[in-house]
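Residues per chain are reported as follows:
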Amino acid sequence: MFYRLLKYVLLGPLLRLLFRPRIEGMENIPESGAAIVAGNHLSFSDHFLMPAILPRRITFLAKAEYFTGPGLKGRLTAAFFRGIGQIPVDRSGGKASQSAITAGLEVLARGELLGIYPEGTRSHDGRLYRGRTGVAVMALRAGVPVIPCAMVGTFELQPPGRVVPRLGRVTIRFGRPLEFDRFTGMEDRREVVRAVTDEIMYEILAMSDQEYVDRYAGDVKAEQQGQQHGVAARLRRKP
């Protein structure tokens, strides 16, 4: 009920007014049945804008930090994301990654749409980064199509760190469904899941026209933050 209230009464109309989304390829979204919608991730608003324009409900795997924040703000944020049916995901790797895959497979087993950002985090500079292989594992295990999605313009209107988005217009593109039946039963082969993931990312890249970086976004962010901390430390040590 909360999901419908936000989509049709509160948040949905507001987002349509702010971003005036231009939709391309909506015919590629199946009217029923399970599928994965895999997109680039440029802005906090992506979480809400895509669900607002899709005729079907979509459940996203959202980072666990949205559900574990401290204080009143943290509790309200967690309640909001739970209310719209999002699933918390621990991004620390290892067993946590398997838990995320299990949660995604449960959504697909119910015949629903699952939304995922293969990059694993928002792009901090507008470029497209290497995809994590969880999307491929889920697609192969569930035997469902993957629909690539490109958000175009959300980075310019609400880049990371900007709370209130600028007024403007964005484009949301949905590509043709990608089928991976030829790899059925091979989800445990590293080279297969890497190849499937790269094929998905290539389709997103072709639709978004971003610059591509063949590294994980999280690694680049951590590296840059380390460099910034190092510079700050050297400046503090200067007499």
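Read on for a plain summary of the structure. (Residues numbered from 1 in each chain as written. Predicted model: local features only at pLDDT ≥ 70, side-chain atom pairs only at ≥ 80, totals over all residues. Heavy atoms only, no water.)

## Let's talk about the layout of surface pockets
- Taken as a whole, the largest pocket holds about 970 Å³ of empty space.
- Taken together, 37 residues form the lining of the largest pocket, with S97, P118, G120, R132 and G134 sitting closest to its centre.
- Of all the elements, helix α6 (residues 134-142) adds the most residues to the lining of the largest pocket, at five residues.
- Of the residues that constitute the lining of the largest pocket, the class distribution is 14 nonpolar, 10 polar and 13 charged.
- Each pocket or cavity is described by its volume, and for the second largest pocket that value is around 630 Å³.
- Taken together, 20 residues form the lining of the second largest pocket, with F44, S45, F48, Q158 and V163 sitting closest to its centre.
- Mapped by element, the contributors of at least two residues to the lining of the second largest pocket are α2 (11-19) and α4 (71-83).
- Here the lining of the second largest pocket is built from residues that sort into 12 nonpolar, four polar and four charged. (1 Å grid on protein atoms, 1.4 Å probe; cavity = no way out; pocket = protein on both sides within 12 Å on 5 of 7 lines; lining within 4 Å. Points joined across faces, edges and corners; volume = space filled by probe spheres on them. Helix = DSSP H or I, 4+ residues; strand = E, 2+ residues; numbered from the N terminus. Nonpolar A, V, L, I, M, F, W, Y, C, P; charged D, E, K, R; others polar.)

## Section: empty space enclosed by the protein
- Tallied over the full model, the rule gives one cavity of 30 Å³ or more.
- Of the pockets and cavities examined, the largest cavity occupies roughly 130 Å³.
- Taken together, the elements giving at least two residues each to the lining of the largest cavity come down to α1 (2-8), α2 and α3 (46-53).
- Counting residues per element, the lining of the largest cavity draws most heavily on α3, at four residues.
- Of the residues that constitute the lining of the largest cavity, the class distribution is eight nonpolar, three polar and one charged.

## Some words on helix α8 (residues 190-208)
- The terminal C-alpha atoms of α8 lie 27 Å apart, and with 19 residues this matches the ideal 27 Å at 1.5 Å per residue to within 8%.
- All of the buried residues in α8 are V192, V193, R194, V196, T197, I200, M201, E203, I204, M207 and S208.
- Looking at the packing, one finds that the buried side of α8 touches β2 (35-39), β6 (128-129), α6, β7 (146-152) and β8 (171-174). (Expected span 1.5 Å × (residues − 1). Buried < 20%, exposed > 50% of the residue type's maximum accessible area, 1.4 Å probe, protein only. Contact = heavy atoms within 4.5 Å.)

## Some details on α6
- When we look at burial in α6, the residues that qualify are V135, A136, V137, M138, A139 and L140.
- Once α6 finishes, G143 follows within two positions and takes phi at roughly 65°, a positive value.

## A short note on the side chain of R122
- Tracing the chain through its elements places R122 in the loop between β5 (113-116) and β6.
- Buried R122, no salt bridge; nearest opposite-charge side chain is D46, N-O distance 7.3 Å.
- Once residues lying within four places of it in the same chain are set aside, the contact partners of R122 are H41, L42, S43, F44, K63, Y66, P160 and K221. (Lys, Arg positive; Asp, Glu negative; His and termini not counted. Salt bridge = Lys/Arg side-chain N within 4 Å of Asp/Glu carboxyl O.)

## A look at the sheet that holds β2
- Taken in spatial order, the seven strands line up as β1-β8-β7-β2-β5-β3-β4 in an open sheet, and their pairing is mixed. Because the sheet does not close on itself, it has two edges, and the strands there are β1 (22-24) and β4 (87-89). Taking the axes of each pair of neighbouring strands and ignoring which way they run, one obtains an average angle of 25° across the sheet.
- Contacting β1, β2, β3 (58-63), β7 and β8, α3 runs over the sheet at an angle of about 175° to β3.
- Those strands touched by α8 are β2, β7 and β8, and its axis lies near 35° from that of β7. (Pairing = 2+ DSSP bridges. Axes fitted to C-alpha atoms, helices over the stretch in contact; angles between N-to-C directions.)

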